[in-house]
Amino acid sequence: MDEHITSRHFTAESIDVDIGRSIVIINAQDAQELGLGPSSKVKLTKGDRSRSAAVAITKTMVPRGKILVSKDIAWALKLSDGELIGLRPYPVPPSFMALQKRLHGERISQDEMYRLIRDIVDGAYGEAEIAAFLTSQIYYELSEDELHSLIRAMVETGSKIEFEDTVYDEHSIGGVPGNSKVALIAVPTVAAGGLLIPKTSSRAITSPAGTADTMEVLARVDFAADEIKEIARKVRATLAWGGKLNLAPADDIFVGIERKLSIDPWHQMVASILAKKAAMGVDNLVIDIPVGRKAKVKKS
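Every chain's residues receive numbers from 1 upward, in the order its sequence appears when written. The model is predicted, so local features are restricted to residues of pLDDT at least 70 and side-chain atom pairs to those at 80 or more, both for listing and for counting; the totals for chains, interfaces and linings are taken over all residues. Only hydrogens and water are set aside when side-chain values are computed; all heavy atoms of the structure are taken into account.

**Focus on the overall build of the protein**
As a reminder of what qualifies: Secondary structure elements are taken from DSSP: a helix is a run of H or I of four residues or more, a strand is a run of E of two residues or more, and numbering for both begins at the N terminus. For the radius of gyration, the atoms used are the C-alpha atoms, and the globule rule reads 2.2 Å times the number of residues raised to 0.38. Type-normalised accessible area, obtained with a 1.4 Å probe on protein chains alone, sets the label of each residue: buried when under 20%, exposed when over 50%, and partly exposed for intermediate values. Note on definitions: a residue-residue contact is assigned when non-hydrogen atoms from the two residues lie within 4.5 Å. Note on areas: these come from Shrake-Rupley sampling with a 1.4 Å probe, and a residue is covered only by the protein chains present in the view. Charged residues are defined here as Lys and Arg on the positive side and Asp and Glu on the negative side; His and the ends of the chain fall outside this count. Here the site of a charge means NZ on Lys, CZ on Arg, CG on Asp, or CD on Glu.
Counting secondary structure elements, the protein contains 12 helices and 10 strands. Here the protein has a C-alpha radius of gyration of 21 Å; the compact-globule value for 300 residues is 19 Å, and the two agree. Counting all 300 residues of the protein, 44% fall into the buried class. In the protein, 77% of the contacts between residues at least 6 apart in sequence involve partners at least 24 apart. Approximately 15300 Å² of the protein is accessible, and the part contributed by carbon and sulfur atoms is 53%. Of the side-chain charges in the protein, 38 are positive and 40 negative, and the distance between the mean point of each set is 3 Å.

Following this line, the structure appears as structure tokens:
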């Protein structure tokens, strides 16, 4: 696609809306000139920063030459209201070939996996493509090499937190009633023994509440990285939601899709656990795996 023809600059303002993905709202006439339809993918740029987004079209909400962007885009681009940003239709990502290989049960390389996860994190794919990647794992399980590549890619496409002391952690895969309470007992017990256990958790996927959801009933769980380190320094432990930390951000995208489909492919579950723990600098990890007819793992 010829960027010189299809690229345009727009005055941008952020809008306080969160629908679980990055969106840009554009005037219908501007969209028509750029060949964009509802849910088309575009790339937004400001200086050396870029972000992908899905298109929403309006005839009245914004005038021509102006766009509204979701707050996550404004944050990623360091955007102030009224600034100019570039917008162009998003071409098919090169990693799309790797996605197609996965859908047909073919193995993908470490480089292909990294590019695919990088594009997912950058917003190059919509929910349909991401759901296809996840469901492909149900029918064509990842090889050990692919699983290793997936974990590495999930870690490398996000932030990392490092601690000076040896880091311990525990994780329960959940899926049975009461499992979300394990960490609420284990974490303070480990910390009481003098060990450092800065635990982060995801939201629930296939159950009513995960560890972060349960803890949030009692206290705040959405901390920034510097807050996590300060809390861990003071009390040797945390019980926090990992979504705000940008640790393995692909995982939060995957969890959102898995929750809607009520699926939890076991290789993806392993990647989710280990990527988050690696990004937190965990040295020693205990994993609780309930086994039984109604559990995620049916038999040992």
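**Some words on the sheet that holds strand β6 (residues 83-89)**
Test applied: Criterion used throughout: strands pair if DSSP finds at least two bridges between them. Lines fitted to C-alpha atoms define the axes, with helix axes restricted to the stretch in contact, and inter-axis angles between N-to-C directions lie between 0 and 180 degrees.
Taking strand neighbours around the barrel as the criterion, the 6 strands line up as β1-β5-β2-β4-β3-β6 in a closed arrangement whose pairing is mixed. Geometrically, the sheet is characterised by an average inter-axis angle of 45 degrees between neighbouring strands, direction not taken into account. Here strand β1 (residues 8-15) pairs with strand β5 (residues 66-70) via 5 bridges, running parallel. Bridging across to β5, E13 finds its partner in L68.

**Points about the pairing of β6**
Among the 7 residues that make up β6, 5 are buried, leaving the element largely enclosed by the rest of the structure. Of the pairings in the sheet, the one linking β1 to β6 comprises 5 bridges and is antiparallel in character. Across the sheet, T11 pairs through a bridge with L84, a residue of β6. Note that strand β3 (residues 41-46) and β6 share 4 bridges and pair antiparallel. The partner of V42 across the bridge, within β6, is P89.

**Observations regarding the packing of aromatic side chains**
Selection rule: Only rings of Phe, Tyr and Trp enter the pairing, Trp through its six-membered ring, and a pair is recorded when the two centres are within 6.5 Å. The plane angle decides the type: under 30 degrees is stacked, over 60 is edge-to-face, the rest tilted. Counted as over-ring charges are cases with an Arg CZ or a Lys NZ within 6 Å of the ring centre that also lie within 35 degrees of the ring normal.
Here the structure, examined in full by the defined rule, presents 1 aromatic pair. Sitting over the face of the ring of W75, K78 holds its NZ or CZ atom 5.2 Å from the ring centroid.

**Focus on the packing of helix α4 (residues 96-103) against helix α6 (residues 127-139)**
So the rule is basically this: Crossing handedness: left-handed means the near helix sits turned counterclockwise from the far one by under a right angle, and right-handed means the same turn made clockwise.
Between α4 and α6, the least distance of the axes is 9 Å, while the angle of their chain directions is 35 degrees. The interaxial crossing formed by α4 with α6 has left-handed handedness. Residues L99, R102 and L103 of α4 pack against E129, A132, F133, S136 and Q137 of α6.

**Section: a nonpolar patch on the surface**
Let me state the cut-off plainly: Excluding any residue in a salt bridge, patches collect residues exceeding 30% relative accessible area, merging like charges within 9 Å and nonpolar Val, Leu, Ile, Met, Phe, Trp and Tyr side chains within 5 Å. Definition used for salt bridges: Asp or Glu carboxyl oxygen within 4 Å of a side-chain nitrogen of Lys or Arg.
A cluster of nonpolar side chains, namely L274, L285, I287, I289 and V291, defines an oily patch on the protein surface of about 370 Å² accessible area. With respect to the helices and strands, the residue I287 is situated in strand β10 (residues 284-288).

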